[in-house]
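Next come the chains, spelled out residue by residue.
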Amino acid sequence: MGHLFPTSVLLTELRNRGHDIALRTLSTGVETGRTLGFATEAVDSRIEAMPLDDWMATDPGDALRRAQGTFARRAEYEVDDLRKAIDEVSPDVVIVDANCWGASAAAEASGLPWLSFWAFLPYLSSEATPPYGPGLPPLPGEAGRVRDAELRPQLSAVFNESMVGPLNRIRARVGVPPIETADDYVLRPPLMLVATAEPFEYAHPDWPDKIQLIGACDFDPAPEEVPEWLAAIDRRIVLVSTSSEFQGDTDVALMALTALADEPVHVVVTFPAGVPSGITVPANATVLEFVPHSSVLDRAAAAITHGGMGTTQKALVRGVPVCVAPQGRDQFEVARRVEVAGCGTQLLADDLTPDRLRDKVRQTITMAEGARRVAAGYAASGGVAYGAALIEKRLLGQA
């Protein structure tokens, strides 16, 4: 679902330009798609029956292997699922989530114009930036070049080992050329649209022109009226959000309730994967399973996130600085970019205590100028209007 929402912003722009949209997504997203005017059906239920279990990993390498293993197993069913959708719809263009390995292979084999959509930071190598994975800080000069040159093959190997074999089995099945590296997979589509922009994302002068950054793709329709409980809050708000797909990241949210209990703020905590039982809620806090974040962020002084791109950029696009407590996946990279862009802070799990979290939030609140600078960068990217125009020009041949 965390990928459906930003994708839907692009699809809505295409719909508004007169294009018909056929969407295949999780069963929980079917109603969302139909409400937005898309012809929406659920993917093969066997795909949805394979949730990510990387939150159970013992170390980052294990987490990556678990996640990639899940994508590989899903890919087996994605091939026929996308082929069926193509037969039913006869599309002019196919848009595939970057984590759908089987669908990407089927799209390439179809001969149709196609592109990949990245709701997260691409793991494509770049000589201009640190190697992807652990969230290394950019290090200028010769020291940085030496460090990155030594680490890049090691970190790339982790991706290659978990991706190349499973991907090539799928690619052989559908009759498209094999890949040699994870980078090869990233670069297969004729067009890549990435839901972020500088200065949040690093500059990558060596990336090809097919990779286009189109801003934050913020999706969060606000209710017509502000909820009474929200309107009644007369303090600055700190929003705390956990992952939309369970990732074992509830500890940060629970600690925030303790850390900020005596601060002159009101803490709003959402648990979209389910509110844990037995929570003690301080007087200055509200705990919910779900609330449209835009309503809260419009009044927020800061946000605490696990480092998912959706929630993190949702805050930044409104000029709200963030404190990121990364748990895994791409979140260490997100946290580092927040720090480098000066739009917030990061606090690693090993350093997480109520006192440190309180100090980080206090610091984060002072960084609104950096968040506004990032928001301006998102706006300058051209957003989904630019992304839709690229699809029309490069894939549909329209002026």
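Look up a bit, the structure's there.
Note that the structure is predicted; figures quoted are calculated from it, not measured. (Residues numbered from 1 in each chain as written. Predicted model: local features only at pLDDT ≥ 70, side-chain atom pairs only at ≥ 80, totals over all residues. Heavy atoms only, no water.)

**Considerations on the packing of aromatic side chains**
The cut-off we apply is this: Pairing of aromatic side chains here covers Phe, Tyr and the six-membered ring of Trp, requires ring centres within 6.5 Å, and sorts the geometry by plane angle: under 30 degrees stacked, over 60 edge-to-face, intermediate tilted. Only DSSP runs of H or I covering at least 4 residues are called helices, and only runs of E covering at least 2 are called strands; the numbering of each starts at the N terminus. Burial classification: accessible surface area is computed with a 1.4 Å probe over protein chains only, and a residue below 20% of its type maximum counts as buried, one above 50% as exposed, and the rest as partly exposed.
For the coordinates displayed, the defined rule picks out ten aromatic pairs. For the pair Phe-71 and Trp-101, a centre-to-centre distance of 5.8 Å together with 65 degrees between the ring planes defines the contact as edge-to-face. With Phe-71 in helix α4 (residues 60–89) and Trp-101 in helix α5 (residues 101–110), this pair connects stretches of sequence that are 30 residues apart. One exposure class covers both Phe-71 and Trp-101, and it is buried. By way of ring pairs, the aromatic residues Trp-118, Phe-120, Tyr-123, Tyr-132 and Phe-159 are connected into one cluster.

**Quick word on the packing of helix α9 (residues 250–259) against helix α13 (residues 354–365)**
Where we set the bar: To obtain an axis, a line is fitted to C-alpha atoms, over the contacting stretch when the element is a helix, and the angle between two such axes runs from 0 to 180 degrees between their N-to-C directions. Working definition: roughly parallel below 35 degrees, roughly antiparallel above 145 degrees, roughly perpendicular at 65 to 115 degrees, and oblique for all remaining angles. Whether two residues are in contact is decided by their heavy atoms, any of which lying within 4.5 Å being enough. Amino acids outside the nonpolar list (Ala, Val, Leu, Ile, Met, Phe, Trp, Tyr, Cys, Pro) and the charged list (Asp, Glu, Lys, Arg) are all regarded as polar, and Gly is one of them.
Orientation of α9 relative to α13, taken along the N-to-C sense of each, is 80 degrees, at an axis distance of 9 Å. Taken together, the axes of α9 and α13 lie roughly perpendicular to each other. Contacts between α9 and α13 involve Val-252, Met-255, Ala-256 and Ala-259 from the first element and Pro-354, Leu-357 and Arg-358 from the second. Here the contact of α9 with α13 is built from residues that sort into six nonpolar, no polar and one charged.

**Re the sheet that holds strand β5 (residues 192–194)**
To keep things clear, this is the line we draw: The pairing criterion for strands is at least two bridges between them, as found by DSSP.
Read from one edge to the other, the open sheet built from four strands follows the order β3-β4-β5-β6, with strand pairing classed as parallel. Where the open sheet ends on each side, the last strands, each with one partner, are β3 (94–97) and β6 (211–213). The sheet shows a mean angle of 25 degrees between the axes of neighbouring strands, taken without regard to direction. The sheet contact formed by β5 and β6 spans three bridges and is parallel. Along β6, the bridge assignment pairs Leu-193 with Gln-212. Most of the contacts of helix α1 (residues 4–16) go to strand β4 (residues 114–118), to which it runs at about 135 degrees, and overall it touches β3, β4 and β5. Of the strands in this sheet, β3, β4, β5 and β6 are in contact with helix α15 (residues 383–395), which crosses β6 at around 155 degrees.

**Re the sheet that holds strand β7 (residues 236–241)**
Pairing in this open sheet of six strands is parallel, and the strands run β9-β8-β7-β10-β11-β12 from one edge to the other. In the strand order of this sheet, the two ends are held by β9 (285–288) and β12 (344–346), each with one partner. Each neighbouring strand pair of the sheet contributes to a mean axis angle of 15 degrees, computed without reference to strand direction. Relative to β12, strand β11 (residues 322–324) runs parallel, the two sharing three bridges. Counted as the bridge partner of Val-324 is Gln-346 from β12.

**Topic: the nonpolar core**
For the record, the criterion: Nine residue types can take part in a nonpolar core, namely buried Ala, Val, Leu, Ile, Met, Phe, Trp, Tyr and Cys, and a core is a set of them joined through side-chain atoms within 4.5 Å.
Within the largest apolar cluster, 66 residues are counted, with the highest numbers of intra-cluster contacts made by Tyr-123 and Phe-200. The dominant element in this core, judged by the number of residues it contributes, is α4, at eight residues. Once residues within four sequence positions are removed from consideration, Phe-200 is found in contact with Met-309, Thr-312, Gln-313, Leu-316, Val-334, Arg-337, Val-338, Ala-341, Cys-343, Val-374 and Tyr-378.

Everything listed is a geometric property; what it means functionally is a separate question.
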